[in-house]
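Here are the chains, one letter per residue:
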Amino acid sequence: MTTKLRAGIVGGTGMVGQRFIALLENHPWFEVTAIAASSRSAGKNFEESIAGRWKLDTPLPDSVKNIMVQDASQVEEFAKDVDLIFCAVDMKKEEIKKLEEDYARTGTPVISNNSAHRWTADVPMVIPEINPEHIKVIEQQRKRLGTTTGFIAVKPNCSIQSYVPALHALAAFEPEKVVVSTYQAISGAGKTFADWPEMIDNVIPYIGGEEEKSEQEPLRIWGELTEEGIVKASTPVVTSQCIRVPVADGHMASVFVSFKKTPSKEEILELWKSFKGRPQELELPSAPKQFITYFEEENRPQTKLDRDIENGMGVSTGRLREDSLHDFKFVGLSHNTLRGAAGGAVLIAELLKAEGYIQPKA
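In this text the structure is predicted, and so the values were computed from the model without any measurement. (Residues numbered from 1 in each chain as written. Predicted model: local features only at pLDDT ≥ 70, side-chain atom pairs only at ≥ 80, totals over all residues. Heavy atoms only, no water.)

**Q** When you look at the overall build of the protein chain in this model, what are you seeing that I'm missing?
**A** Per the secondary structure count, the protein chain includes 11 helices and 14 strands. The C-alpha atoms of the protein chain give 20 Å as radius of gyration, which agrees with the globular expectation for 362 residues (21 Å, within 12%). Projected onto its principal axes, the C-alpha positions of the protein chain cover 60 × 50 × 40 Å. Within the protein chain, the fraction of its 362 residues that count as buried is 57%. Pairs at least 24 residues apart make up 77% of the contacts formed inside the protein chain by residues separated by at least 6 positions. Carbon and sulfur atoms provide 48% of the accessible area of the protein chain, an area that totals close to 15,800 Å². Seen as two clouds, the 42 positive and the 51 negative side-chain charges of the protein chain have centres 2 Å apart. (Helix = DSSP H or I, 4+ residues; strand = E, 2+ residues; numbered from the N terminus. Rg over C-alpha atoms; globule rule 2.2 N^0.38 Å. Buried < 20%, exposed > 50% of the residue type's maximum accessible area, 1.4 Å probe, protein only. Contact = heavy atoms within 4.5 Å. Areas by Shrake-Rupley, 256 points an atom, 1.4 Å probe, with all protein chains shown as cover. Lys, Arg positive; Asp, Glu negative; His and termini not counted. Charge placed at Lys NZ, Arg CZ, Asp CG, Glu CD.)

**Q** Would you take a moment to explain the pairing of strand β7 (residues 175-184) for this structure?
**A** Residues in a regular strand project their side chains so that they alternate between the two faces of the sheet. Taken together, the 8 bridges between β7 and strand β11 (residues 251-259) define a ladder with antiparallel strand orientation. Following the sheet pairing, V180 is matched in β11 by V255. (Pairing = 2+ DSSP bridges.)

**Q** Looking at this structure, I do not really get the environment of A345. What am I missing?
**A** Positionally, A345 belongs in helix α11 (residues 338-354). For A345, a relative accessible area of 0% puts it in the buried group. As for A345 and I111, which are separated by 234 residues in sequence, their C-alpha atoms are 6.3 Å apart. Non-local contacts of A345, meaning those with residues more than four positions away in its chain, are made with F20, F86, I111 and K155.

The structure is reproduced here in structure tokens:
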């Protein structure tokens, strides 16, 4: 590709929006050319709009400092000069649904980090290595929205990325029951320790709405594409507890699983090691070469040591062993703002570009 596609970031001043901006610096396919946020930030250049609020360890890219922040509610004005949009806004669910559909109706592809459209039947919710075929539902969505080029695609909940890939690789053995506890970083709430000091030396055994997402969203990922849209799978049955822990980045999962056809430990390890998906086949820019990495050490994966594996886009597993109540148990880990948020959305956009769904505007 000689000319990069023009990417707009809606919600660019928030933590995930900032992560989009950092990830897209020097991206081979996409370039941030426009940023939108609330009316409070509109009219300032981006550097001014996030003064004192840049939450990442990496410096603010020079390429975006002087971009004038636009009002996200001015849909037609913002969409006219971009080829695709990454959306990560903090609004009420119904407001987000309308905003994203309004952007899509302008003929602009919208790749969303928000949860608002995750259960809209004709909106694909994608982990690119697992259910890339779901993007075909976009044709149904375009007919509903009255557009030939616009659409919405969404990324699933950040916590499920730490264990769903590992379970998906074992689909041939038909997982039936899954018990999972997730230990989730504070960046999942858009926070750092500087602005959430109450989390230091603390654990909170509740994250609003998270357990339902952890139990239900995997079933949509494993769902079937029908004439009515995506219909969620009925198995496996998943039950979860989601816990906030004093970690900056990285979601860990403790997983117990029962199968219809029980594999051996050696079979599981081989399937994890060899698992590849469409992003690896296409050699997409953000795709991890090794999607699932297993650690033999008893004390791995560790959040601080292993969350950045494969540039934060890989999934780590460890401590696989037989269980007295279930067939096996293991630990999973993924980076929640990379694989689980902005990085996962960028990978979706790469998949959609490679498969012909995103084109430069005329």
